[in-house]
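# Residue-level structure breakdown
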Amino acid sequence: LGRSPRMQYHAKSLISKGWTVHFVGYSGNPTIDALKRSDFVKFHRFSNPLENFKTLRKHFYPIFAILKLLVVYLKLLLVFAKIKRPGLILVQNPPALPVLMS
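The rules behind these values
- Residues numbered from 1 in each chain as written.
- Predicted model: local features only at pLDDT ≥ 70, side-chain atom pairs only at ≥ 80, totals over all residues.
- Heavy atoms only, no water.
- Core = buried A, V, L, I, M, F, W, Y, C linked by side-chain atoms within 4.5 Å.
- Buried < 20%, exposed > 50% of the residue type's maximum accessible area, 1.4 Å probe, protein only.
- Helix = DSSP H or I, 4+ residues; strand = E, 2+ residues; numbered from the N terminus.
- Contact = heavy atoms within 4.5 Å.
- Patch = residues over 30% accessible without salt bridge, like charges linked within 9 Å, V, L, I, M, F, W, Y side chains within 5 Å.
- Areas by Shrake-Rupley, 256 points an atom, 1.4 Å probe, with all protein chains shown as cover.
- Salt bridge = Lys/Arg side-chain N within 4 Å of Asp/Glu carboxyl O.
- Phe/Tyr/Trp six-rings, centres within 6.5 Å; stacked < 30°, edge-to-face > 60°.
- Expected span 1.5 Å × (residues − 1).
- Arc of directions from axis to C-beta.

## Focus: the nonpolar core
Counting nine residues, the largest nonpolar core consists of Leu1, Met7, Ala11, Ile15, Val21, Phe23, Ile32, Leu35 and Val41. Counting only elements with at least two residues in this core, the list comes to helix 1 (5-16) and strand 1 (21-26). Beyond its immediate chain neighbours, meaning those up to four positions away, Met7 contacts Phe23, Leu90, Val91 and Gln92.

## Some thoughts on a nonpolar patch on the surface
Side chains of Trp19, Leu88 and Leu90 sit close together on the surface and give an oily, nonpolar patch of about 290 Å² of accessible area. Relative to the elements of secondary structure, Trp19 occurs in the loop between helix 1 and strand 1. Judged by its relative accessible area of 38%, Trp19 is partly exposed.

## Points about the packing of aromatic side chains
Under the definition given, this model contains two aromatic pairs. Arranged with centres 6.1 Å apart and planes meeting at 70 degrees, the rings of Phe23 and Phe43 form a pair that is edge-to-face. Placement of the pair is Phe23 in strand 1 and Phe43 in strand 2 (residues 41-46), with a sequence separation of 20 residues. Here Phe23 falls in the buried class, since its relative accessible area comes to 9%. For Phe43, a relative accessible area of 25% corresponds to the partly exposed category. Ring plane angle 85 degrees and centroid distance 5.5 Å describe the contact between Tyr26 and Phe46, whose orientation is recorded as edge-to-face. Taken together, the residues Tyr26 in strand 1 and Phe46 in strand 2 connect sequence positions 20 residues apart.

## Quick look at the side chain of Gln8
Within the secondary structure, Gln8 is located in helix 1. Those residues in contact with Gln8 that sit more than four places away from it in its chain are Leu1, Gly2, Phe23, Pro30, Thr31, Ile32 and Leu35.

## Considerations on the pattern of salt bridges
Overall, the coordinates contain one salt bridge when judged by the stated rule. A salt bridge links Asp33 to Lys36, with the nearest nitrogen and oxygen atoms 3.9 Å apart. Separated by three residues within a single helix, Asp33 and Lys36 lie in helix 2 (residues 33-37), roughly one turn from each other. Taking the relative accessible area as the measure of exposure, Lys36 reaches 48% and is therefore partly exposed.

## A look at helix 4 (residues 61-82)
Working note: α-helix, 3.6 residues per turn, so residues spaced by three or four point in the same direction. Here helix 4 contains 22 residues, and its C-alpha end-to-end distance of 32 Å stays within 8% of the 32 Å for a straight helix at 1.5 Å per residue. Every buried residue of helix 4 is listed here: Phe64, Val72, Leu76 and Val79. Considered in projection along helix 4, the buried side chains sweep an arc of 95 degrees and stay on one side of the axis. Residues Pro62, Ile66, Leu74, Leu78 and Ala81 are exposed on helix 4 and point more than 90 degrees away from its buried face.

Below you can see the structure in the form of structure tokens.
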């Protein structure tokens, strides 16, 4: 979630206006302190799918790309099923394809 400073500052701006922000993405990188401390931010983190198969991915990239797309799509569907319907969705591109499919 902490890989994109731009998205974090968009979220910071929204919470300063009173919006509740659901930050959805891969775990692993820290987020800015303003987001960590806010009661208006809910984090939905998941691991990067197929990360443990780096050597195989090089040889079978098309298969792993499709698998990753499906895994991320399903994880996003689960997150979206848990949260209240959002008034606004900001998408970092790439990897926007699974999000746009959801």
